[in-house]
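Summary of structural features
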Amino acid sequence: MNRQEIEEFATKLALVLDGFTAEIAEDRPVYLVRPDGACLVVHRVWKRPERVKIIAGYPDGDAGYGLPRHEITVAVARDPERIAADIRRRLLPAYERDLAIVRERMTEAAVADAQRARFAGRLRRLIPAAHVVDEGQRLAARWYVGTAAYVLTASGEASTCRIEIDGADHDLVTRLARFLHAER
């Protein structure tokens, strides 16, 4: 199958596959997408022009999330209704279960990102001279007082955060202790 045939195939399939629409752009693969974020990619099968592979994708690219890859291969000669029935029966049940897990993990990550951003803002207020860097699962605050360099790293979930301070003086430890006590 060439690109145009795959686009035509996907367009016909989208008409009978509940909630999916074909998304076609020249610089990307052909997608079947649903408003809830479900995404199926339609690929030709190498050296098998009579077949296409339907691969389920996750939001934010195919990061995997430690979940299995879901895909089926179908014969393009079959009518779109039968192919859609195959997708509903063989692909969507397991994919939709894992897609729900991905959405849950994305929500948890967004909450953790927001908590880290709030903590970073508080660190900036506590230590105005610090350069605070959000490294994903870890915050790092770095600052200098005279020739002394200080580094504070905070990692982990907000409720179980581990904090390490290198080179802290008594004043900083006292202010940080008050700050952390007030955060409870």
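What comes next concerns the included structure. Note that this is a predicted model, so its numbers are computed, not measured.

A few points about the overall build of the protein
- Helices and strands together make up the secondary structure of the protein, namely three helices and nine strands.
- Tracing the protein from N to C terminus, the helices and strands come up as α-β-β-β-β-β-α-β-β-β-β-α.
- Against the 2.2 N^0.38 benchmark of 16 Å for 184 residues, the protein shows a C-alpha radius of gyration of 25 Å, more extended than a compact globule.
- For the C-alpha atoms alone, the extent of the protein along its principal axes is close to 75 × 30 × 20 Å.
- For the protein, with 184 residues in total, the buried portion stands at 34%.
- Sequence separation of at least 24 residues holds for 34% of the intrachain contacts in the protein that already meet a minimum separation of 6.
- Counting only carbon and sulfur atoms, one obtains 52% of the accessible surface of the protein, whose full area is about 11100 Å².

Structural notes on the sheet that holds strand E4 (residues 48-57)
- Spatial strand order, E1-E2-E3-E4-E5: five strands in an open sheet with antiparallel pairing. Each edge of the open sheet is held by one strand with a lone partner, namely strand E1 (21-23) and strand E5 (71-75). Across the sheet, the axes of successive neighbouring strands diverge by a mean angle of 30 degrees, strand direction being ignored.
- Of the strand pairs in this sheet, strand E3 (residues 39-45) and E4 are connected by seven bridges, and their pairing is antiparallel. Bridge pairing in E4 links Cys 39 to Gly 57.
- Lying over the sheet, helix H1 (residues 3-16) contacts E1, strand E2 (30-33), E3, E4 and E5, oriented at roughly 10 degrees with respect to E2.
- On top of the sheet, helix H2 (residues 80-126) reaches E3, E4 and E5; it is set at about 175 degrees to E5, its chief contact.

Quick word on the packing of aromatic side chains
- In this structure the tally under the stated criterion is one aromatic pair.
- When the centroid spacing of 6.0 Å and the interplanar angle of 40 degrees are considered together, the rings of Tyr 58 and Tyr 95 count as tilted. Of this pair, Tyr 58 sits in the loop between E4 and E5 while Tyr 95 sits in helix H2, and the two are 37 residues apart along the sequence.

Considerations on the pattern of salt bridges
- Taken as a whole and assessed by the stated rule, the structure comprises 17 salt bridges.
- Put simply, Glu 50 and Arg 48 hold a salt bridge, and the shortest N to O gap is 3.3 Å.
- Three or more residues joined by partner-sharing salt bridges are found here, namely Arg 34, Asp 36, Glu 96 and Arg 103.

Describing the packing of H1 against H2
- Two elements in contact, H1 and H2, have axes whose closest approach is 9 Å; the angle formed by their N-to-C orientations is 70 degrees. Considering their axes alone, H1 and H2 lie roughly perpendicular with respect to each other. The two elements H1 and H2 cross, and the hand of that crossing is right-handed. From H1, Phe 9, Lys 12, Leu 13 and Val 16 reach across to H2, where they touch Pro 80, Glu 81, Ile 83, Ala 84, Ile 87 and Arg 88.
- Considered class by class, the residues forming the contact of H1 with H2 number seven nonpolar, no polar and three charged.

A word on the nonpolar core
- One finds Phe 9, Leu 32, Leu 40, Ile 54 and Ile 87 to be the most contacted residues of the largest nonpolar core, which totals 28 residues.
- Listing elements by their share of this core, those giving two or more residues are H1, E2, E3, E4, E5 and H2.
- When residues in this core are grouped by element, the largest group, eight residues, is from H2.
- Ile 54 has contacts with Phe 9, Leu 13, Leu 40, Val 41, Val 42, His 70, Glu 71, Ile 72, Val 74, Ile 87 and Leu 91, leaving out every residue within four places of it along the chain.
- Counting 16 residues, the second-largest nonpolar core is a separate cluster that includes Phe 119, Ala 120, Ile 127 and Leu 152.

Rules used in this analysis
Here the residue numbers are simple positions, counted from 1 along each chain's written sequence. Local features in this predicted model are restricted to residues whose pLDDT is 70 or higher, and side-chain atom pairs enter the listing and the counts only when it is 80 or higher, whereas totals over whole chains, interfaces and linings include all residues. As a rule here, side-chain values come from all non-hydrogen atoms in the structure, and water together with hydrogens is ignored. Runs of H or I in DSSP of at least four residues are treated as helices and runs of E of at least two as strands, each being numbered from the N terminus. Using C-alpha atoms as the atom set, the radius of gyration is obtained and then compared with a globule rule of 2.2 Å times the number of residues to the power 0.38. Partly exposed residues are those whose accessible area sits between 20% and 50% of the maximum for their type, while under 20% is buried and over 50% is exposed, using a 1.4 Å probe and protein chains only. Contacts are residue-level and defined by heavy atoms, with any inter-residue pair within 4.5 Å sufficient. Surface accessibility in these figures is a Shrake-Rupley result with a 1.4 Å probe; residues are shielded only by whichever protein chains are displayed. The pairing criterion for strands is at least two bridges between them, as found by DSSP. For helices, the fitted line uses only the C-alpha atoms of the stretch in contact; every axis is such a line through C-alpha atoms, and the angle between N-to-C directions lies from 0 to 180 degrees. Within 6.5 Å between ring centres, the rings of Phe, Tyr and Trp (the latter by its six-membered ring) count as paired, and their orientation is classed by plane angle as stacked under 30 degrees, edge-to-face over 60, tilted in between. For salt bridges, the criterion is a side-chain nitrogen of Lys or Arg within 4 Å of an Asp or Glu carboxyl oxygen. Angular relationships are summarised with four words: roughly parallel below 35 degrees, roughly antiparallel beyond 145, roughly perpendicular across 65 to 115, and oblique for the angles in between. Take the far helix as your reference; a near helix turned counterclockwise from it by less than a right angle gives a left-handed crossing, and one turned clockwise gives a right-handed crossing. Think of it as three bins: nonpolar holds Ala, Val, Leu, Ile, Met, Phe, Trp, Tyr, Cys and Pro, charged holds Asp, Glu, Lys and Arg, and polar takes everything else, Gly as well. Residues enter a nonpolar core if they are buried and are Ala, Val, Leu, Ile, Met, Phe, Trp, Tyr or Cys, with the set joined through side-chain atoms within 4.5 Å.

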